Amino acid sequence: EEPVPTQDYAKEVAFTKRPELQAQQQRMQVSSLMLSSIKGEQLPSLQADGNYGLIGNHIDSTLSTYNVGVTLSVPIFDGGQRQGRIGESRSRLLQEEIKMDIVTRQITMELREALVTLISAKEQLRIAKDGLKAALTEVQLARERLRVLSSNTLELSNSLFSLVRARDNMIDGLFRANASRVNLARAMGQVEELR
């Protein structure tokens, strides 16, 4: 008899634990980094080089030599390739954002469906329990009437049939409740934690 989690709590758990959401977040992050990288290629770059060494035939008569250089690279002409790659990268990022929206909507829909199914299954189980109690009482009363009044066994047979049907309903209710719990745990990304 665990309480049914609220939709906000289930959504919060699912958004931190569902693997497809985490994978989509990583794809979005990669696309964003690619766009930043390509945009960074437009910036000028500064490169410094240096070299130091010794010149001479003998160690005791060598002279030191060095070379220092600085190179400034300003990307001006690339034939529009960089702008095309930036547009392509922006398009990929937009596609990943759309996919993220689809994934979050899918998870939200699965959570809503799982919560409604669990609430319905718990209500069905409660009704099945009440039906089982009523059937047990009916059998007990039929046996008592048979013992006291020595009436026919038809009433007892009918009550036993009702008990069998009530037990079947109870088994069905337990199955649906447990299946709904598993479905909710899967929707929340907690199947491994299910007990």
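A brief look at the structure comes next.

Regarding the pattern of salt bridges
Pairs can form between side chains of opposite charge whenever their charged atoms are close. If you walk through the whole model with that rule in mind, you get 14 salt bridges. Of the charged contacts in the structure, one is a salt bridge between Asp101 and Arg105, with a shortest N-O distance of 3.0 Å. Here Asp101 and its partner Arg105 are both found in helix 3 (residues 81–149), four residues apart, which amounts to about one turn of the helix. The class for Asp101 is partly exposed, based on a relative accessible area of 36%. Accessibility expressed as a relative area gives 58% for Arg105, which makes it exposed. Between Glu144 and Arg147 there is a salt bridge; the shortest N-O distance is 2.4 Å. Note that Glu144 and Arg147 are positioned in helix 3 at a spacing of three residues, about one turn of the helix.

Describing the side chain of Ser159
For Ser159, the position within the fold is in helix 4 (residues 154–188). Residue Ser159 is classed as buried on the basis of its relative accessible area of 0%. Non-local contacts of Ser159, meaning those with residues more than four positions away in its chain, are made with Glu138, Val139 and Ala142.

Section: the environment of Val164
When you line up the elements, Val164 lands in helix 4. Using a relative accessible area of 48% as the deciding quantity, one classes Val164 as partly exposed. Considering only alpha carbons, one finds Val164 and Leu136, 28 residues apart in sequence, at a separation of 9.9 Å.

A closer look at the pairing of strand 2 (residues 63–73)
Taken across its eleven residues, strand 2 has zero buried, putting it largely on the surface. With eleven bridges connecting them, strand 1 (residues 45–55) and strand 2 associate as antiparallel partners. Residue Tyr52 lies in a different strand from strand 2, and its bridge partner there is Tyr66.

Side note on the nonpolar core
Ala10, Leu21, Ile107, Leu111, Leu184 and Met188 are the most contacted members of the largest nonpolar core, which has 14 residues in total. If you list the elements that add at least two residues to this core, you get helix 1 (7–17), helix 3 and helix 4. For this core, the leading source of residues is helix 3, giving seven residues. Not counting chain neighbours up to four residues away, the residues in contact with Ala10 comprise Leu111, Leu115 and Met188. Leu125, Ala128, Leu163 and Ala177 belong to the second-largest nonpolar core, a separate cluster that totals ten residues.

Considerations on helix 2 (residues 19–40)
Here helix 2 contains 22 residues, and its C-alpha end-to-end distance of 31 Å stays within 8% of the 32 Å for a straight helix at 1.5 Å per residue. Those residues of helix 2 that sit buried are Leu21, Gln24, Ser31, Leu35 and Ile38. Down the axis of helix 2, the sector holding all buried residues measures 115 degrees, keeping them to one side. Residues Pro19, Gln26, Gln29, Val30 and Leu33 are exposed on helix 2 and point more than 90 degrees away from its buried face. Contact partners of the buried residues in helix 2: helix 1 and helix 3.

Conventions and cut-offs
Residues numbered from 1 in each chain as written. Predicted model: local features only at pLDDT ≥ 70, side-chain atom pairs only at ≥ 80, totals over all residues. Heavy atoms only, no water. Salt bridge = Lys/Arg side-chain N within 4 Å of Asp/Glu carboxyl O. Helix = DSSP H or I, 4+ residues; strand = E, 2+ residues; numbered from the N terminus. Buried < 20%, exposed > 50% of the residue type's maximum accessible area, 1.4 Å probe, protein only. Contact = heavy atoms within 4.5 Å. Pairing = 2+ DSSP bridges. Core = buried A, V, L, I, M, F, W, Y, C linked by side-chain atoms within 4.5 Å. Expected span 1.5 Å × (residues − 1). Arc of directions from axis to C-beta.

This is a description of form; function is not addressed.
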